Structures are given as structure tokens and as C-alpha cells.
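Each chain, letter by letter, is given below.
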Amino acid sequence: MGFDHGIRIADRYVGQSHEPFIIAEMSGNHNRSLERALSIVEAAARTGAHALKLQTYTADTMTIDVEAEGFRIEDPKSLWQGASLYQLYEQAHTPWEWHPPLFARARELGMIPFSTPFDDTAVDFLEGLEVPCYKIASFENTDLPLIQRVAATGKPLIISTGMASLSELDETVRAARSAGCRDLILLKCTSTYPATPEDTNIRTIAHMRDLFNCEIGLSDHTMGVGVSVASVALGATVIEKHFTLDRADGGVDSAFSLEPPEMAQLVVETRRVWQSLGRVSYGASAAEVKSLQFRRSLYVVQDLEAGAILTPQNLRAIRPGMGLAPKHLAQALGRKVRRAVARGTPLDWSLLE
């Protein structure tokens, strides 16, 4: 199904007419334990998240084990400062033999499992597992051969846009579409870990949607759920968040991952925002009609004899709304009532001489 009607991923649709698609990203938060990884899947399912995402690579498919410039993380502000790239990916990768049991558990619990491949061998492997869609990470969004390989599967393709300039992103989108991608989702992303709200620039979501005529979401590395929730108000239809059982347990990505109560809150609050968007609308909604009776209106507030003159002391704008609208107050003041009027009578033109 196309962009206008939504993109089908397994048994769900992604698009403006459907509630936001929430992806729980396990990443390396399994801490090298299959038992923990399965527990993460089960916890994610309990939060109501719609999809579980893994990353499919090995240290050797990501980099090489060498002591040379650029192969060690030197940034003192990085969560992974001091680690070599090879060491980091060796620690963080999800063993490929874990994928089948993790995918099976996710499916049993009603979630949609898929993954991010980082090379052709990972794509081939994931095709064997019949994944319903693919994700390209921000650091690979300029790897056009990889993007074309994934696009050639014909499955929906989600691409994070972290660090990509507009010209780079244009190349990425053209490469994907030229290789056969019909269902494309771009995720606004800030490739810092954690990211700050100030660096997230979610106003880009609507602009990106207009430029590339595709669904737009958010891969969110900020703390909490506020940025993700706000992004839905700006048109995001997919939210991806890293997920762990407990940040205190540690792990390569635990510091900026959501815990189960937070993920559950994300699911609920993004759905509420989506439900609230509606359309441009004025006047009482069907649900508000019954409340109209409690508007202010003009009421006689003192017992009056026939011929009495209406004054600010005996005629007021009060609730409920059974009388004339308050805008008629000036017209009514100074006029006489044609009959006796009891206190609490709503004013009507028929009462006036």
C-alpha cells in the first residue's frame, strides 16, 4: 500500500491515518546474555510496543581489529571513550544464532521483529528469517551499495537520517527508490548518545515529509519521552527508542535507553497525541453539544412584577445557558417586563414589552 494510505509492515500499517508505530530497539542491552535478551523481548511486549528491532553484525563486518588513527574512540564525552571500535562491536553485537529464538519470542507475543543489517551477509541472513522490513542506521545512510541491496528486497525500508546533509539524503533516497524501494520511511535522528532536545530539531519532520513525499518518524536518543511525543504532533508516524530492563544494569546503550514504565508511557502518550490531532474544527463537537446548556446566558435574578424595569441588579449573565446570549444584555436593560417574572427565569424576548 502506498504513501497516501499507509505502509504495511507485517500486520500493521504505518501512516498518518494509523497510530504511531513504536519500535523498541534492543541494541547491545542484552549484555551478552540470551536469557536477558529474551527478557527484554518479553518486557517490550508488555509495554505495548509494536516492534522489536535488533542489529545484525559482527565486529568483523563492522570494522577491523587494528591500532591505527580513527579506530579508537577518543572523545572524553563519549559513553564509549577509550574503547576501540572492534572491542565495542565485539561487546555490543547480537549473536546471529540468537536471532531465531528472539524473533520467535517476539512473534509469539504479538510483536513485529526485524533488524538493521550492516553488510550484504546480514541481509542474506535476515532474508532467511523472513523479516517484514529493514532499517538502515544513521552511520550507514551514505552506504549506497548497502541501501540498494536492502531496497532490492522490495520490503519497506526505514532509514535514520543522522548527520546526513540534504544533498546526501537526496542521494540516499534516490538510491533506495531506484533499486526498488516503494515503501520508504525516513527517521529524523541526532547521532549523539544521548542526544539533547536542543540538538533534535524536530521541526525538520514536516519539511522532510514535504521534500521526499514519504512517511517520517523519529529515532530518538534523548532522555525520556517528551521529544518523541512532541514529534507525533509534527507528523511523525514512527518512533524508535532504545530499550532496556533497567539502566542501572549497565550495557553499551543503557544510559539513553527507556525502561519498561517509560516505554509503556511512550506508547500511551504518542497514541493520545495522534488521536488529538484530528482536523481543523470550530464550533461544538458532537461530544460538546450537551455542554452548551452550561454556557452563560441572561437570567432574571429577582422576583419582578409586571411592568418592572430591567436593571443590572435584577438581570445578570449567569450559568446555565437557557436564556438569551449575554451579548443582548445592553439591549434588554431599561426595558419593562410584560408580566410578573420569578427569580431564576431565563430571559426571552417574549417577556419584554
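This one's a predicted model, so the numbers in the text were calculated from it and none came from an experiment. (Residues numbered from 1 in each chain as written. Predicted model: local features only at pLDDT ≥ 70, side-chain atom pairs only at ≥ 80, totals over all residues. Heavy atoms only, no water.)

K.L.:
Sorry if this is basic, but what is going on with the side chain of His 242 here?
P.N.:
As for its placement among the helices and strands, His 242 is situated in strand E10 (residues 238-242). Its relative accessible area of 7% is what places His 242 among the buried residues. The residues contacting His 242, other than those within four sequence positions of it, are Glu 25, Ser 27, His 221, Asp 253, Phe 256, Ser 257 and Leu 258. (Helix = DSSP H or I, 4+ residues; strand = E, 2+ residues; numbered from the N terminus. Buried < 20%, exposed > 50% of the residue type's maximum accessible area, 1.4 Å probe, protein only. Contact = heavy atoms within 4.5 Å.)

K.L.:
Mind showing me how you'd approach a positive patch on the surface here?
P.N.:
A grouping of Arg 296, Arg 316, Arg 319 and Arg 343 is seen on the molecular surface, where their side chains present a positively charged patch. Along the chain, the position of Arg 343 falls in the loop between helix H11 (329-332) and strand E13 (345-346). We classify Arg 343 as exposed; its relative accessible area is 63%. (Patch = residues over 30% accessible without salt bridge, like charges linked within 9 Å, V, L, I, M, F, W, Y side chains within 5 Å. Areas by Shrake-Rupley, 256 points an atom, 1.4 Å probe, with all protein chains shown as cover. Salt bridge = Lys/Arg side-chain N within 4 Å of Asp/Glu carboxyl O. Lys, Arg positive; Asp, Glu negative; His and termini not counted. Charge placed at Lys NZ, Arg CZ, Asp CG, Glu CD.)

K.L.:
Honestly, empty space enclosed by the protein in this entry has me stumped. Any pointers?
P.N.:
In this approach a probe as big as a water molecule rolls over the atoms, and the regions it shows empty are the leftover space. Scanning all chains against the criterion turns up one cavity of 30 Å³ or more. As for the largest cavity, its lining consists of Gly 15, Gln 16, His 18, Pro 20, Val 232, Gly 235, Ala 236, Thr 237, Trp 274 and Leu 277. Of the residues in the lining of the largest cavity, the class split is five nonpolar, five polar and no charged. (1 Å grid on protein atoms, 1.4 Å probe; cavity = no way out; pocket = protein on both sides within 12 Å on 5 of 7 lines; lining within 4 Å. Points joined across faces, edges and corners; volume = space filled by probe spheres on them. Nonpolar A, V, L, I, M, F, W, Y, C, P; charged D, E, K, R; others polar.)

K.L.:
Honestly, the pairing of strand E4 (residues 51-56) in this entry has me stumped. Any pointers?
P.N.:
Along any regular strand the residues' side chains alternate between the sheet's two faces. Buried residues dominate E4, accounting for six of its six residues. Burial along E4 is two-sided: the face carrying Ala 51, Lys 53 and Gln 55 and the face carrying Leu 52, Leu 54 and Thr 56 are both buried. In terms of strand pairing, strand E3 (residues 21-25) meets E4 through three bridges, oriented parallel. Pairing of Glu 25 across the sheet is with Lys 53, part of E4. Regarding the hand of the β-α-β motif, the stretch spanning E3, helix H1 (residues 34-47) and E4 is right-handed. (Pairing = 2+ DSSP bridges. Right-handed = clockwise from strand over helix to strand, strands pointing away.)

K.L.:
What is the right way to look at the environment of Ala 49 in this model?
P.N.:
Note on placement: Ala 49 falls in the loop between H1 and E4. The class of Ala 49 is buried, set by a relative accessible area of 6%. Along the chain, Ala 49 and Leu 186 lie 137 residues apart, while their C-alpha atoms are 19 Å from each other. If sequence neighbours within four positions are ignored, Ala 49 has contacts with Ile 22, Ala 24, Ala 44, Met 111, Met 263 and Val 267.

K.L.:
What exactly am I supposed to notice about the layout of surface pockets here?
P.N.:
Approximately 820 Å³ is the volume found for the largest pocket. Around the largest pocket, the lining is made up of 36 residues, and of these Trp 80, Leu 88, Tyr 89, Phe 139 and Tyr 193 lie nearest the centre. Elements represented by at least two residues in the lining of the largest pocket include exactly E4, helix H3 (85-92) and E10. In terms of residue count, the dominant contributor to the lining of the largest pocket is H3 (four residues). Considering only residue class, the lining of the largest pocket consists of 16 nonpolar, twelve polar and eight charged.

K.L.:
It is not clear to me how the pattern of salt bridges should be interpreted in this structure. Could you clarify?
P.N.:
Should their charged atoms come close, side chains of opposite charge can pair. Within the structure shown, the criterion is met by 16 salt bridges. Taking the shortest distance from any N to any O, the salt bridge between Glu 240 and Lys 135 comes out at 2.9 Å. Of this pair, Glu 240 sits in strand E10 while Lys 135 sits in strand E6 (residues 134-136); the two residues are 105 residues apart in sequence, bridging distant segments of the chain. Grouping residues by exposure puts Glu 240 and Lys 135 together as buried. Salt bridges sharing common partners tie together Glu 25, Lys 53, Lys 135 and Glu 240.

K.L.:
Mind showing me how you'd approach the environment of Ala 342 here?
P.N.:
Relative to the assigned elements, Ala 342 resides in the loop between H11 and E13. Note on Ala 342: relative accessible area 44%, which makes it partly exposed. The residues touching Ala 342, leaving out its near neighbours within four places in the chain, are Val 300, Gln 302 and Asp 303.

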